[in-house]
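Each chain, letter by letter, is given below.
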Amino acid sequence: MKKKNILIFGANSGLGKEILIKLLKQNANFYLSAKNTKSKTNLLNKLNLAQKKKIKFFEICDFTDNESDKKFFKNLKKITKQINIVFNCVGYFGYDSLNKLNIDQLMLTFQINLFSSIKINSNLIKFNRNGELLKIFHIGSSSSYEGFKNTVYYCSSKHALVGAVKSMNKETIKKNIINYLISMGSMKTKMGKKLKNQSPKNFLDPKKVADLIINLAFLNLNGYTEEVFIKRIIK
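Here goes a summary of the coordinates provided. A quick note: this is a predicted structure, and the numbers were derived from the prediction, not measured.

Re the nonpolar core
By size, the foremost hydrophobic cluster in this structure holds 35 residues, and its most contacted members are Ile19, Phe87 and Ile182. It is helix α7 (residues 206-217) that provides the largest number of residues to this core, a total of six residues. Ignoring any residue separated from it by four or fewer positions in sequence, one finds Phe87 in contact with Ile6, Leu7, Ile8, Phe9, Ile19, Leu23, Phe137, Ile213 and Ala217. Residues Phe72, Phe73, Val90 and Ile112 belong to the second largest nonpolar core, which totals 19 residues.

Below, the structure is given as structure tokens:
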């Protein structure tokens, strides 16, 4: 079987790292991004030599910096012309207040949670992929469908991501590119620790969430699930 070329944005994130660790067991080539040098170094320090050998490309990609993501895709094209599966695991969460509008935080939230997905599609659609299927997985949230107080920026960006995925598929499916939106309730990750007034004991295990996403990524089906919403069981 031909090796898959797998691209993970935010490979150092809570969910991104779980997906990477599980997939490194497979015979595949990996192309990774991290938001800064420190995050990249921390991740590499957790991998063994055999795992590192499977990583063909690992560069900084900061979606809040247009020059950073331009450089990332430019250099990626020099390394490979074919990507089979993409996981966009970058994300930003912060509390906000309508009493004090913070334009910088609002823009940052949209740049990471929404614009990154649009940029990924815009760049990868130009790759010379020989017509092979490309699956792109975007990480949504329960906030993609519900609104919560003091998180207007975050909820707005995740709501917009639903529309972006549906709209992009209208253009990309004819080019054999399929976008998937995987939304879930709170997980036991670094981001989950920021949440107020919630019980972590009910949070989702990112390892299990990673299993579900990977199963979808490798499912051979003449169809696709555009949206998946994993809800927490709260008793």
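Quick word on the sheet that holds strand β7 (residues 227-230)
Read from one edge to the other, the open sheet built from seven strands follows the order β3-β2-β1-β4-β5-β6-β7, with strand pairing classed as parallel. The open sheet is flanked by β3 (55-60) and β7, the only strands paired with a single partner. Adjacent strand axes in the sheet meet at a mean angle of 15° when their direction is disregarded. Alignment of strand β2 (residues 28-34) against β3, held across five bridges, turns out to be parallel.

Thoughts on the packing of helix α4 (residues 66-79) against helix α5 (residues 103-124)
With their axes 11 Å apart at the nearest point, α4 and α5 run at an angle of 35° to one another. When you trace α4 past α5, the crossing you get is right-handed. Where α4 approaches α5, its residues Asn66, Asp69 and Phe73 are matched on the opposing element by Lys119, Ile120, Asn123 and Leu124. Class assignment of the residues belonging to the contact of α4 with α5 gives a composition of three nonpolar, two polar and two charged.

Each value, and the rule that gives it
- Residues numbered from 1 in each chain as written.
- Predicted model: local features only at pLDDT ≥ 70, side-chain atom pairs only at ≥ 80, totals over all residues.
- Heavy atoms only, no water.
- Core = buried A, V, L, I, M, F, W, Y, C linked by side-chain atoms within 4.5 Å.
- Buried < 20%, exposed > 50% of the residue type's maximum accessible area, 1.4 Å probe, protein only.
- Helix = DSSP H or I, 4+ residues; strand = E, 2+ residues; numbered from the N terminus.
- Contact = heavy atoms within 4.5 Å.
- Pairing = 2+ DSSP bridges.
- Axes fitted to C-alpha atoms, helices over the stretch in contact; angles between N-to-C directions.
- Left-handed = near helix turned anticlockwise from the far one by under 90°.
- Nonpolar A, V, L, I, M, F, W, Y, C, P; charged D, E, K, R; others polar.

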